[in-house]
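Each chain, written out:
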Amino acid sequence: IQQSSQYFLSQNITSSRIGIFLPNGYEAALAIYSVLYSGNTYVPLNISDPTERISYILENVDAYGVIGIGDRPLWLKDHYAWLDMSKEAQKPQEFN
């Protein structure tokens, strides 16, 4: 958990809202604890929701970024940071 939250801590990202765009499972639990450990708030996002709803949620909570798996989704606006958990498991990655 400390390694996963290292990016937030090293960039002084605290008191921000971070979307969790992951299926239920180990990665989601790790992401939630990492966000909380770094002093941020997680925003659960349902991966089966339409992209318009997810975008609406992110805008209304004024999210800093989103944690997910794989490449940055095309629907995710550029001003949101994206953290790829599949790369996070290999080594610390910065938001793109």
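Relevant structure appears above.
Residues numbered from 1 in each chain as written. Predicted model: local features only at pLDDT ≥ 70, side-chain atom pairs only at ≥ 80, totals over all residues. Heavy atoms only, no water.

Quick look at unusual backbone geometry now. Backbone geometry places Asp62, a non-glycine residue, at a positive phi of 55°. Tracing the backbone shows Asp62 in the loop between helix H3 (51–60) and strand S3 (65–68). Taking the relative accessible area as the measure of exposure, Asp62 reaches 55% and is therefore exposed. (Helix = DSSP H or I, 4+ residues; strand = E, 2+ residues; numbered from the N terminus. Buried < 20%, exposed > 50% of the residue type's maximum accessible area, 1.4 Å probe, protein only.)

To continue, consider the environment of His79. Along the polypeptide, His79 turns up in the loop between S3 and strand S4 (81–84). Residues His79 and Ala63, spaced 16 residues apart in sequence, show a C-alpha to C-alpha distance of 9.6 Å.

To continue, consider the pairing of S3. Both faces of the sheet carry side chains from a regular strand, because those side chains alternate between them. Alternating residues of S3 divide into Gly65 and Ile67 and Val66 and Gly68, and every residue in both groups is buried. Summarising the sheet, strand S1 (residues 17–20) and S3 pair through 3 bridges and their orientation is parallel. Residue pairing across strands places Ile18 opposite Gly65, the latter belonging to S3. Here S3 pairs with S4 via 4 bridges, running parallel. Residue pairing in the sheet places Val66 in a bridge with Trp82 of S4. (Pairing = 2+ DSSP bridges.)

Two elements, S1 and strand S2 (residues 41–44), share 4 bridges in a ladder whose sense is parallel. Across the sheet, Gly19 pairs through a bridge with Val43, a residue of S2. Crossover handedness for the path S1 to helix H2 (residues 26–37) to S2: right-handed. (Right-handed = clockwise from strand over helix to strand, strands pointing away.)

A few words on the nonpolar core. Counting 13 residues, the largest nonpolar core has Phe8, Ile20, Leu22, Ala31, Val35, Ile67 and Met85 as the members making the most contacts within it. Residue assignment for this core shows that the elements contributing at least two residues are helix H1 (2–10), S1 and H2. Beyond its immediate stretch of four places on either side in the chain, Val35 contacts Phe8, Ile18, Ile20, Asn40, Thr41, Tyr42 and Ile67. Of all hydrophobic cores here, the second largest spans 11 residues; its members include Phe21, Val43, Ile54 and Tyr80. (Core = buried A, V, L, I, M, F, W, Y, C linked by side-chain atoms within 4.5 Å. Contact = heavy atoms within 4.5 Å.)

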